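Here is what each chain is made of, one letter per residue.
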Amino acid sequence: MSWYDALEAGELTVRPSVDAAKRFGVSIDRMSVSASAGTPLAEVLSAVEKSTADVIVLRYPARETTWFAALASGPRQALLADTVSCWALPVGKGRRPAPLAGFTTQVEDDVDDDLVDDLVADVFGDSGNHYCSDPVFDRALALAGRQEWARRRIAAAGAVVLRGPDRRVLALAALDQETAWTEVQLAGVVPAEQGRGRYGHLLAAIEDACTTRRLVVTTQTHQTGIQRIWARYGFEPVHNLLTVHLVAAT
């Protein structure tokens, strides 16, 4: 979920998920209520009623603790899919690690597809995502979709790459540079280098690549390990959302 949809959109947004529909063989609508929208429950329920999609993927502020009961009492099956945490850091305020001799970072336009696939599989393969909570969706197809998205995103915008003295890729990140914020859409350390403090150096490289004054990132709330790293680096939590799948009766 993009930072704009999570916090900045001023209204309920509804859009078909075309790529995911092709991948899974069912029609999917994505609905989002941002932190700033102030959308009432009645408007959400009306949008759900109008949707003809097989599955609605709805994300809304976790503060709306009464909504799930109302959603679950409707004609669709309601599945609690995940919780998303949103974090932010003023650029230049990160607690950067000391530089490593011989290590380099830069934005690279061309990153090997196999490396991207392996990194995405390692970062997301075991933890899954919201699709894995729903028997309508195949877990392997969900991972393949994440890999395809990552390859496409990096091919279009490049990636921040951390390399060791031997020029091997140790970590990389894909960014979305907006006017008011830079969003980290994907970041990870290759398996052989994990547990050696590389992620902090990747975050420092991301800060260096930022063209804005605010760096933002989201993850599933159960990913506590990565959130501890963000907190140590200086990120602060700013918002939580719930993801609910609303599945049409068959």
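The structure we're discussing is the one just above.
The rules behind each value
- Residues numbered from 1 in each chain as written.
- Predicted model: local features only at pLDDT ≥ 70, side-chain atom pairs only at ≥ 80, totals over all residues.
- Heavy atoms only, no water.
- Phe/Tyr/Trp six-rings, centres within 6.5 Å; stacked < 30°, edge-to-face > 60°.
- Helix = DSSP H or I, 4+ residues; strand = E, 2+ residues; numbered from the N terminus.
- Buried < 20%, exposed > 50% of the residue type's maximum accessible area, 1.4 Å probe, protein only.
- Expected span 1.5 Å × (residues − 1).
- Contact = heavy atoms within 4.5 Å.
- Polar contact = N/O pair within 3.5 Å; in protein donor to acceptor, adjacent residues only side chain to side chain.
- Salt bridge = Lys/Arg side-chain N within 4 Å of Asp/Glu carboxyl O.

## Focus on the packing of aromatic side chains
Evaluated as defined, the whole model comprises 7 aromatic pairs. Taking 4.9 Å as the distance between ring centres and 45° as the angle between the ring planes, the aromatic pair formed by F24 and Y131 counts as tilted. One end of the pair, F24, is in helix α2 (residues 18-24); the other, Y131, is in the loop between α5 (113-124) and α6 (139-157), with 107 residues separating them in the sequence. With a relative accessible area of 12%, F24 lands in the buried category.

## Observations regarding α6
Taking 1.5 Å as the rise per residue, α6 with 19 residues should run 27 Å; its terminal C-alpha atoms sit 27 Å apart, in good agreement. Packed against the buried residues of α6 are α2, α5, β6 (159-163), β7 (169-177) and β8 (182-189). The backbone nitrogen of A140 lies 3.0 Å from a side-chain oxygen of the residue at the head of α6, namely D138. Positive backbone phi, approximately 80°, marks G158, located one or two places after α6.

## What to know about the pattern of salt bridges
Counted under the stated rule, the structure contains 15 salt bridges. The residue R152 makes a salt bridge to D19 at a minimum N-O spacing of 3.7 Å. Of the two residues, R152 sits in helix α6 while D19 sits in helix α2, which places them 133 residues apart along the sequence. Here E193 ties to R198 by a salt bridge, and the two come within 2.9 Å at their closest N and O atoms. Relative accessible area serves as the criterion here: at 4%, E193 is assigned to the buried category. Overlapping salt bridges, with partners in common, bring together D166, R168, E193, R196 and R198 in one network.

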